[in-house]
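# Descriptive structure summary
The chain contents come next:
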Amino acid sequence: MVGVQAYTFHKFTFEQTLDKLNELGINQIEVYFGQDLGDSFGHKTLTYQMDAQTQEKVLAAARAKGITIAACGVAVCENIADWETLFAFAQNMGIKLITCEPQAAHLDAVERLCDKYEIDVGIHNHPRPSNYWHPDSVLKALSGRSARMGVCADVGHWKREGIDHIDAIRKTAGILKSLHFKDIIALPENGDEQHDCIWGQGILNVPLMLNLLNEHSFTGLLSIEYEYNWEHSVPDIQECLTVLYKEIPSITDLVLIYGGGKHRNMTWDKAHFGPYVTYTNTNRVEQWLFDGFLFLEFTDGLPQSQHIFATGYYGQPAGKVEWTALVDYYFAPDNAVVALEQTIADAERRIGKPTEKRKIIICIPEPIIAGPNSYYKTLPADYWGDIDGKKLDFTQNHDRLTACRWYIDYVCTRFEAGKFKHLELAGFYWVAEESLHTKDILAGVAEYLNNKNYSFNWIPYWKTEPDYLDWKSLKFNYAYLQPNYFFSEATPYSRLTDACTVALDYELDLELEFDLRAFAENKNWAYRLRDYMNVFRSSPVFATKRIAYYQDTDAIYQFYKATNPRDKELFHEFCTFVTDHQKAAIHLSKP
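Quick summary incoming for the structure in this document. All values derive from a computational prediction rather than experimental measurement.

Right, let's get into the sheet that holds strand β6 (residues 149-154). The eight strands are arranged β1-β2-β3-β4-β5-β6-β7-β10 in a closed barrel whose pairing can be described as parallel. Along the sheet, successive strands turn relative to each other by an average axial angle of 25°, direction set aside. When strand β4 (residues 97-100) meets strand β5 (residues 120-124), the two strands line up parallel, connected through four bridges. Each residue of the ladder has a partner; that of I98, found in β5, is V121. Contacts between helix α4 (residues 107-117) and the sheet are confined to β5 and β6, with β6 contributing the most and set at about 105° to the helix.

Rendered as structure tokens:
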């Protein structure tokens, strides 16, 4: 959840600050005590001692601008009675988080009030002489206390105090409630202040901080606190937001779009994409559906003998010709990516723009090793082809990486040439569903992608000896675990609950799976799809995890077209699940 700490605009009134948040497209605010409320308030000051009438008027002003008051602070109370007043204020205002720096003698009282009012607290780290300037002092103060008490990390203060802010984020990640997020300049030679700067132009390594927050599934409030260029900071903050939204992929519900293999007897045209882009509910209200589309394939579509894009399928490893043809398929006129763009454009004319562009992910074929010591003994090691006249030898990891980089660049070139207005290329997907044959090159692929600000995605299958528990060390940005429950009635219901537990324990996301066997007139396995939806809804994963959707080739389209009432009912249940998930897991997307 992204917001603004209102101190960013302390030279302006609260009313003016709300206008600036609207200009930035941000709908969460952390108010600070001491701000002038503005003309219509008679220039009263925002405090937690405000009378009830003023509190209600402040809330109404924020609601009128579509803004939620998510937090308040930084509060420093002189006595215990003041803490009670502060918590009562927060409760009245619907505030869920108080940023504060309590005296050590007040910690017990604050803990009691957290549980009494069901409001969280984030201990903030002002510089010395604050008791909490060092992360170790905060951790000590919070040891053994209520889970409602945690940390509000000002990363700039940490760095200015000589603390390794990256290490501090790692230390506090488990109890991190919020951040006052920023970037700062290097210390000038004359020793002047290290002021804030546009993210990415300073010394705090913003991409690494954001990646750490993603790795730890941070779900709190990221408050932008920009303490520089006070009078004209909105353009600077807009540049910071560009960095933020590029670094944090906003895909919540990612649908798998298989296409490009010659065994697929359908075309991904506008007609097919319609029920994936929007959903019209039983009240005839049309709304946006999937916010992410993963284009992938395992076998090629060329007329000659079958080639494969990952080890273990039937056929010979695909070479440069087949890799090129796959990308060309994705960007062919009126097909795949191009058709998706056209479908979204049509939908925008009907229902207006979505809150953000729809994101696409493109698969990367596995550079499959061949030669005498491989599965493909009769195929020469340099079967793939050449780059700049040099044949690549896939027994050499360097050459395998070279092929992947070439492919990534070719996809980017085709995407840029398309001049898409409604789509964003957000990342790439590793098509191999296990790491056995590729673990030595994954870090190199990840580095190349991350340096281009693309995410690296993976959907490993369920295994008794799992490699996906190490998905972070393999350098994926996101890994969606396949429960593999739908496909056999011999697989017990407990597989789904087990998958949720693994996902929560190892910070994995999840895949929901079904195919045409869910049709009433087929296997009538609708119950197995419903099992996924019921288990996911009843678990914390529903509000905290991204979901990828396996649907074989075009099962969602087939359900959309179905005439059997039971199939139509399942279609509506499924689409409602997707839209409900996007609401429940809103923190996974930008505001």
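Attention now goes to the packing of aromatic side chains. Aromatic ring pairs: the centre-centre distance and the angle between the two ring planes describe each pair. If you walk through the whole model with that rule in mind, you get 43 aromatic pairs. Both rings, one in F290 and one in Y549, keep their centres 5.3 Å apart while their planes meet at 65°; by these two values the pair is edge-to-face. Of this pair, F290 sits in the loop between β13 (286-288) and β14 (292-296) while Y549 is found in strand β24 (residues 547-550), placing the two residues 259 residues apart along the sequence. With respect to class, F290 is no different from Y549; both count as buried.

Further remarks concern the packing of helix α11 (residues 320-330) against helix α13 (residues 397-418). Closest axis-to-axis distance for the α11/α13 pair is 10 Å, and the angle between their directions is 25°. Here α11 lies roughly parallel to α13, going by the angle between them. For the pair α11 and α13, the sense of crossing is right-handed. When α11 is examined against α13, the residues K320, W323, T324, L326, V327, D328 and Y330 are found in contact with a partner set consisting of A403, C404, W406, Y407, Y410, V411 and R414. Each residue belonging to the contact of α11 with α13 can be placed in one class, and the counts come to ten nonpolar, one polar and three charged.

Take the pattern of salt bridges next. Tallied over the entire structure, the rule returns 31 salt bridges. Between R350 and E286 there is a salt bridge, and its shortest N-O distance comes to 2.6 Å. A residue pair is termed long-range when its members are at least 10 positions apart, and R350 in helix α12 (residues 336-351) and E286 in strand β13 qualify at 64 residues. A relative accessible area of 23% places E286 in the partly exposed class. Note that E573 is salt-bridged to R530, the shortest N-O span being 2.7 Å. Placement of the pair is E573 in helix α19 (residues 565-584) and R530 in helix α16 (residues 526-538), with a sequence separation of 43 residues. With a relative accessible area of 24%, R530 lands in the partly exposed category.

Grouped together as the largest cluster of nonpolar side chains are 122 residues, with contacts concentrated most on F293, F295, Y407, W430, L512 and F574. Among the elements that line this core, the one with the most residues is α13, at nine residues. A6, L18, Y132 and L176 belong to the second-largest nonpolar core, a separate cluster that totals 80 residues.

Rules used throughout
- Residues numbered from 1 in each chain as written.
- Predicted model: local features only at pLDDT ≥ 70, side-chain atom pairs only at ≥ 80, totals over all residues.
- Heavy atoms only, no water.
- Pairing = 2+ DSSP bridges.
- Helix = DSSP H or I, 4+ residues; strand = E, 2+ residues; numbered from the N terminus.
- Axes fitted to C-alpha atoms, helices over the stretch in contact; angles between N-to-C directions.
- Contact = heavy atoms within 4.5 Å.
- Phe/Tyr/Trp six-rings, centres within 6.5 Å; stacked < 30°, edge-to-face > 60°.
- Buried < 20%, exposed > 50% of the residue type's maximum accessible area, 1.4 Å probe, protein only.
- Parallel < 35°, antiparallel > 145°, perpendicular 65-115°, else oblique.
- Left-handed = near helix turned anticlockwise from the far one by under 90°.
- Nonpolar A, V, L, I, M, F, W, Y, C, P; charged D, E, K, R; others polar.
- Salt bridge = Lys/Arg side-chain N within 4 Å of Asp/Glu carboxyl O.
- Core = buried A, V, L, I, M, F, W, Y, C linked by side-chain atoms within 4.5 Å.

Structural measurements only, silent on function.
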